[in-house]
Amino acid sequence: MGTRHTLDARRQLCPLPVIRTQNKIRSLEKGDILEVVCTDPGALHDIPAWCRINGHKVVSTTTRGDEILITLEVGGE
Amino acid sequence: MDTRRKAVALISGGLDSMLAARLILDQGIHVEGINFYTGFCVEGHTHAIRRKDRDRPKRNNALWVAEKLGIKLHIIDVIEEYKDIVINPRHGYGANLNPCLDCKGFMVRKAREWMEENGFDFIITGEVIGQRPMSQRRDTMPVVARESGAGGLLLRPLSARLLPPTLPEEKGWVDRTRLLDLSGRTRKPQMALAERYGLHDYAQPAGGCCFLTNAQYSAKLADLWQARGRRDYELDDIMLLKVGRHLRPRPHFKLIIGREEGENNYLQGYRSQFTALRTVSHPGPLALLDGEAGPEDVELAARVVARYSQGRTAPRVEVEVTDPDGAHRILRVPPLPAAEIPQEWHI
Ligand code: SF4
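Rules of the game
- Residues numbered from 1 in each chain as written.
- Chains lettered and ligands numbered in written order.
- Predicted model: local features only at pLDDT ≥ 70, side-chain atom pairs only at ≥ 80, totals over all residues.
- Heavy atoms only, no water.
- Helix = DSSP H or I, 4+ residues; strand = E, 2+ residues; numbered from the N terminus.
- Buried < 20%, exposed > 50% of the residue type's maximum accessible area, 1.4 Å probe, protein only.
- Contact = heavy atoms within 4.5 Å.
- Areas by Shrake-Rupley, 256 points an atom, 1.4 Å probe, with all protein chains shown as cover.
- Lys, Arg positive; Asp, Glu negative; His and termini not counted.
- Charge placed at Lys NZ, Arg CZ, Asp CG, Glu CD.
- Phe/Tyr/Trp six-rings, centres within 6.5 Å; stacked < 30°, edge-to-face > 60°.
- Buried area = accessible area lost by both parts, 1.4 Å probe.
- Salt bridge = Lys/Arg side-chain N within 4 Å of Asp/Glu carboxyl O.
- Polar contact = N/O pair within 3.5 Å; in protein donor to acceptor, adjacent residues only side chain to side chain.
- Nonpolar A, V, L, I, M, F, W, Y, C, P; charged D, E, K, R; others polar.
- Pairing = 2+ DSSP bridges.
- Near = heavy atom within 4 Å.
- Core = buried A, V, L, I, M, F, W, Y, C linked by side-chain atoms within 4.5 Å.
- Domains from an automatic or database assignment.

Draft legend 1. Representation of the overall build of chain B. Of the regular secondary structure elements, chain B holds 13 helices and 11 strands. If one aligns the C-alpha atoms of chain B with their principal axes, the spans along those axes are about 75 × 40 × 40 Å. Counting every position in chain B, which comprises 347 residues, the buried fraction comes to 54%. Across chain B, the fraction of contacts at a sequence separation of at least 24, relative to all contacts at a separation of at least 6, is 65%. As presented, chain B carries roughly 15,500 Å² of accessible surface, and 48% of it is formed by carbon and sulfur atoms. Between the averaged position of the 50 positive side-chain charges in chain B and that of its 45 negative side-chain charges there is a distance of 5 Å.

And the structure:
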């Protein structure tokens, strides 16, 4: 089981949450878990799409009021 | 080990760059996409902001293209570096504040740097000779290759057969005879090719890939520079230019007035940076005041904001004025009659 990390991308508009997620994942290990908190609903679409094409897994997405929490598992090369 | 040649493809999200990547994939080359975020891109922003657009299916076109092609996509934040391109374009602007030729050179240069860092062999773009008046002309395409430092490693698959052979063609990595000879503004061949590949539902941007080709947007940016007495910007500035109606009642201040709930909510996030005005006696917009404003200016601003509230015909409207430090007061003002809001105030 990898380590847990969080990323605050609130108030950032797409594609910034995707860019921040991508840059954060670069420093993580395969199997690590990353929780991204954002407020742009576009991220609900874009982050999973980015994960699909780059080989990472979306574990869950939850909406809490205006905040969206996307949990990812880092995939390997 | 994968011994295939590797190409990095500039992916804008439009059809041309998609087809260019597709043609190269078809030749057994390993392709990965790169997409640059300048802050001006016409991506989901305004959709994310405006309430009426919020429920529409949204997508990032570059991600969509990459997924369709089955390639990786790297999105690069170039916000800071791109400022110099917008502020000091060596080759000037197009019809609006779009520095297309410098912009293309910049993006290809960034792609070249990425290619070198990641051990890729060449760069492809969806450029077509004669497609765009400034950056995609027969005489400006070599400028992009030269100024980006990419030289012979820059291949434009859609027009390749009309251009001198590039290194990937000369070295036989790519079969030139299977590249295309498209030119001109017509989109028909691209659409036919898309059909052949079974690609539907691709984005069809009108005019260009960024807000700088938009006349209204460029006018707001020019106004910002003029009012500040210097040509620069922060990301927040250029985001705010996409939101609300912008009115400049006096040279030293302007108002950004939300047009609907989504925009009001978005502007709300900037209350710690600007004086904010909101009608309290009647439903109405949230507005931000950008600039220096004395008491008379604030009163005028309140009257303008009242004009855009549901109290526009009331004798007086209460407007709450909140400073960035949170101090607030209520002004009771008569809404400014429409006739007293001259057209020139609208930026
Ligand atoms: S339209 Fe915008 S992004 Fe596209 S080349 Fe011109 S300046 Fe660059």
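Draft legend 2. Region of interest: the packing of aromatic side chains. Residue and element names in this part refer to chain B. As enumerated under the stated definition, the model contains 9 aromatic pairs over all chains in all. Plain terms: the ring middles of phenylalanine 40 and tyrosine 82 are 6.2 Å apart, the flat faces sit at 55° to each other, and that makes the pair tilted. Placement of phenylalanine 40 in the loop between strand S2 (30–37) and helix H2 (45–49) and of tyrosine 82 in helix H5 (residues 79–87) is noted, with a sequence separation of 42 residues between them. Accessibility classification places phenylalanine 40 together with tyrosine 82 in one group, the buried group. Look at phenylalanine 211 and tyrosine 217: their rings are 5.1 Å apart centre to centre, the planes differ by 35°, and that puts the pair in the tilted class. In this structure, phenylalanine 211 and tyrosine 217 share a single accessibility class: buried.

Draft legend 3. Up close: the interface of chain A and chain B. Each partner contributes residues to the interface: chain A has 21 residues there, and chain B has 25 residues. Summed over both sides, the interface between chain A and chain B buries roughly 1,900 Å², with carbon and sulfur atoms accounting for 60% of that surface. It is Arg11, Leu13 and Ile53 of chain A in chain A that bury the most area against chain B; as a group they hold 30% of the surface buried on that side. At the boundary of chain A with chain B, the tally comes to 2 salt bridges. Close ionic contact of glutamate 67 of chain B with arginine 52 of chain A constitutes a salt bridge, the shortest N to O distance being 2.4 Å. Remark: the boundary between chain A and chain B carries 6 residue pairs in polar contact (both at pLDDT 80 or more). If you list the elements that add at least two residues to the side of chain A that touches chain B, you get helix H1 (16–26) and helix H2 (43–54) of chain A. Looking at the side of chain A that touches chain B, the element that brings in the most residues is H2 of chain A, giving 7 residues. Broken down by class, the residue content of the side of chain A that touches chain B amounts to 10 nonpolar, 5 polar and 6 charged.

Draft legend 4. Highlighting the pairing of strand S11 (residues 328–333) of chain B. Residues and elements named next belong to chain B. Where strand S10 (residues 317–322) lies against S11, 6 bridges are found, and the strand directions are antiparallel. In the sheet register, valine 319 faces S11, and the bridge partner there is leucine 331. Linking S10 to S11, which pair antiparallel, is a turn of 5 residues; within it glycine 326 sits at a positive phi near 100°.

Draft legend 5. Geometry of the site of the ligand. Surveying the vicinity of the ligand reveals the residues Tyr82, Pro99, Cys100, Cys103, Cys209, Cys210 and Thr213 of chain B. Classifying every residue of the shell around the ligand gives 6 nonpolar, 1 polar and no charged.

Draft legend 6. Spotlight on the pattern of salt bridges. Residues and elements named next belong to chain B. This model, assessed by the stated rule, comprises 26 salt bridges over all chains. With its nearest N and O atoms 3.4 Å apart, the salt bridge here joins glutamate 113 to arginine 109. Separated by 4 residues within a single helix, glutamate 113 and arginine 109 lie in helix H6 (residues 100–117), roughly one turn from each other. Given a relative accessible area of 28%, arginine 109 falls into the partly exposed group. A salt bridge links arginine 228 to aspartate 237, with the shortest nitrogen-to-oxygen separation between them at 2.9 Å. A residue is classified by how much of its surface remains accessible, and arginine 228, at 26% relative accessible area, is partly exposed.

Draft legend 7. A look at the nonpolar core. Residue and element names in this part refer to chain B. Ranked by internal contacts, the top residues of the largest apolar core, which has 72 residues, are Ile24, Val31 and Phe122. The element contributing the most residues to this core is helix H1 (residues 15–25), with 7 residues. Residue assignment places this core across two domains, with domain 1 (6–212) and domain 2 (243–345) each supplying three or more. Here isoleucine 24 is in contact with Ala7, Ile29, Val31, Phe122, Ile124, Leu155, Pro157, Val174 and Leu179, once residues within four sequence places are set aside.

Draft legend 8. View of the side chain of lysine 104 of chain B. All names here are of chain B. Within the secondary structure layout, lysine 104 lies in helix H6. Here lysine 104 occupies a buried position and makes no salt bridge, while the nearest side chain of opposite charge, glutamate 127, is found at 5.0 Å. For lysine 104, the contacting residues outside a window of four places in its chain are Glu127, Ser135, Gln136 and Val144.

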